[in-house]
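Residue-level structural notes
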Amino acid sequence: MIEYEDGFTILFRLRGSVFPFAFLLTVPSLILTAAWCLLMNDIAETSDFVAVMVQEDFNKSQVWSALTASLALLIAFRTRQALQRFWEGTTLMHQMRGEWFDSVSCLISFSRAAKQTKPAEVQQFRHTLVRLASVMHGSALDEICGEGAAGQVCMDIT
């Protein structure tokens with residue numbers, strides 16, 4: 001698991017970042033675009049038809065609009081992916097809690113037969129079981145939170 005830090009230093013880390021792969025994809029596009037612009041400028045200087053076509057077809061507002069539209073699509077896609085990951089994590093966390101609740105309820109119902117003969121021991125077993133399941137769930141949530149050992153609480157279950 002990647003340990004994230006608070007602050008702006010996370011933006012400049014290479015480990016776990018998408019920037020190296022993004023640069024690998026964008027640098028060739030940058031070079032091709034620069035070469036295309038230089039070529040079009042050279043052709044525009046020599047030919048009146050190309051100069052008129054370049055000036056009319058590619059004005060600054062059209063380029064700005066295309067850039068804004070592609071950036072908006074990229075941001076919308078990334079936001080949708082982040083929201084999908086959040087809800088998947090939330091769903092799995094609730095599913096984990098439900099599985100632990102089911103296992104504790106099964107163990108409590110299995111102890112029902114011994115309650116007639118040993119009520120004090122069964123009561124202590126049930127209380128201990130619920131406390132242990134609560135500590136287990138709290139420990140799992142603390143691990144997800146990522147604050148480390150500072151947030152863990154030790155309790156006596158005797």
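In this text, all values refer to a predicted model and were calculated from it rather than measured experimentally. (Residues numbered from 1 in each chain as written. Predicted model: local features only at pLDDT ≥ 70, side-chain atom pairs only at ≥ 80, totals over all residues. Heavy atoms only, no water.)

**Digging into the overall build of the chain**
Counted only if it meets this: Helix and strand definitions here come from DSSP, where helices need a minimum of 4 consecutive H or I residues and strands a minimum of 2 consecutive E residues; each element is numbered from the N-terminal end. A 1.4 Å probe rolled over the protein chains alone gives each residue an accessible area, and that area as a share of the maximum for its type sets the label: buried under 20%, exposed over 50%, partly exposed in between. For the accessible areas, the method is Shrake-Rupley and the probe is 1.4 Å, while residue cover comes only from the protein chains on display.
Counting its regular elements, the chain contains 4 helices and 0 strands. When the helices and strands of the chain are read in sequence order from the N terminus, they spell out α-α-α-α. The buried share among the 158 residues of the chain stands at 11%. For the chain, the accessible surface area stands at approximately 13600 Å², while carbon and sulfur atoms represent 68% of it.

**Here we look at the packing of aromatic side chains**
Heads up, the condition is: The criterion for an aromatic pair is that two Phe, Tyr or Trp rings (for Trp, the six-membered ring) have centres within 6.5 Å, with stacked assigned to planes under 30 degrees apart, edge-to-face to planes over 60 apart and tilted to the rest.
The final tally for this structure, using the stated rule, is 1 aromatic pair. Considering the side-chain rings of phenylalanine 86 and tryptophan 87, the 5.2 Å spacing of their centres and the 70° angle between planes classify their relative orientation as edge-to-face. Take phenylalanine 86: its relative accessible area is 46%, and that puts it in the partly exposed class.

**Describing the side chain of serine 111**
Under the convention used in this document: In this analysis, two residues are considered to be in contact whenever any of their non-hydrogen atoms come within 4.5 Å of each other.
Tracing the chain through its elements places serine 111 in the loop between α3 (60–110) and α4 (119–145). In this structure, serine 111 is in contact with Val122, Phe125 and Arg126, ignoring residues within four places of it in sequence.

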